[in-house]
Amino acid sequence: MLDQYQDMAMKTAVYPEIGSNPYYPSMGLAGEIAELIEKIEFLAQPQQPNLQGNLPPSKQHLISDVSDEIGDVMWFVATAAREVGISFDTICTPAVFEAKSSKDMFDVNMGVLHGRATRAALIACELCGKSSKLMRDKTEVADFVREQYRVWLESISYHMWALAHGLRLDMSTILENNIKKLADRAERKQLHGNGDKR
């Protein structure tokens, strides 16, 4: 799945100057990570009724929402990588991630999960800054810049993988579901706009 994911993601990409616009997927990446943090915060809240007496969504429903957001983050990772000439399977490497992970990453500790998402957000901000300068200056992506992107995108991928594993989710399933969702939206001509219910 990983080796095909980037190509499938690019088939659903709709944004200006595809192929020479690292800024758009970098900004999208930051936005999706912010949404992911929001969903993790909901997941961390105790299951208590609101003022109207309604219970919040179930934990399983919230975990499904987090899974969807991880898929959206990974879509932007794949498209941002393509924009600077990086292959997705060189930055999303589960075997490498497993080797450098610690045993405690499999604990469902909301503080740890929130911390991982927050670190990914900080990295995405770095990526946005670099991308805006590339677009502003209309410069080619130099090898050292490409290597910076690779390190940043690999780090974000690692944090998403760790989040998925911490919640007992399978990254391949997340990526497959993300592509299915986007292919369905493309078929219905609903890729534009915003909101999960398109």
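All values derive from a computational prediction rather than experimental measurement.

About the criteria used
- Residues numbered from 1 in each chain as written.
- Predicted model: local features only at pLDDT ≥ 70, side-chain atom pairs only at ≥ 80, totals over all residues.
- Heavy atoms only, no water.
- Salt bridge = Lys/Arg side-chain N within 4 Å of Asp/Glu carboxyl O.
- Helix = DSSP H or I, 4+ residues; strand = E, 2+ residues; numbered from the N terminus.
- Buried < 20%, exposed > 50% of the residue type's maximum accessible area, 1.4 Å probe, protein only.
- Expected span 1.5 Å × (residues − 1).
- Contact = heavy atoms within 4.5 Å.
- Axes fitted to C-alpha atoms, helices over the stretch in contact; angles between N-to-C directions.
- Parallel < 35°, antiparallel > 145°, perpendicular 65-115°, else oblique.
- Left-handed = near helix turned anticlockwise from the far one by under 90°.
- Nonpolar A, V, L, I, M, F, W, Y, C, P; charged D, E, K, R; others polar.

A. Region of the structure containing the pattern of salt bridges. In total, this model carries 8 salt bridges according to the counting rule given. A salt bridge links Arg146 to Asp143; the shortest N-O distance between them is 2.9 Å. With Arg146 and Asp143 both in helix H7 (residues 143-166) and 3 residues apart, the pair spans about one turn of that helix. What makes Arg146 partly exposed here is its relative accessible area of 25%. When its relative accessible area of 63% is taken as the criterion, Asp143 is described as exposed.

B. Summary view of the environment of Leu62. Topologically, Leu62 is positioned in helix H3 (residues 59-83). Using a relative accessible area of 5% as the deciding quantity, one classes Leu62 as buried. In this structure the C-alpha to C-alpha distance between Leu62 and Leu43, which are 19 residues apart in sequence, comes to 5.9 Å.

C. View of helix H2 (residues 23-44). The end-to-end C-alpha separation of H2 is 32 Å, in line with the 32 Å expected for 22 residues at 1.5 Å each. Of the surrounding secondary structure, the elements contacted by the buried residues of H2 are H3, helix H6 (110-137) and H7.

D. Structural view of the packing of H3 against H7. It is the contact of H3 with H7, at a shortest axis distance of 10 Å, that shows an interaxial angle of 160°. By the angle between their axes, H3 is roughly antiparallel relative to H7. The interaxial crossing formed by H3 with H7 has left-handed handedness. Two secondary-structure elements touch here, H3 through Ile70, Val73, Met74, Val77, Ala80 and Ala81 and H7 through Leu153, Ile156, Ser157, Met160, Leu163 and Ala164. Classifying every residue of the contact of H3 with H7 by side-chain character gives 11 nonpolar, 1 polar and no charged.

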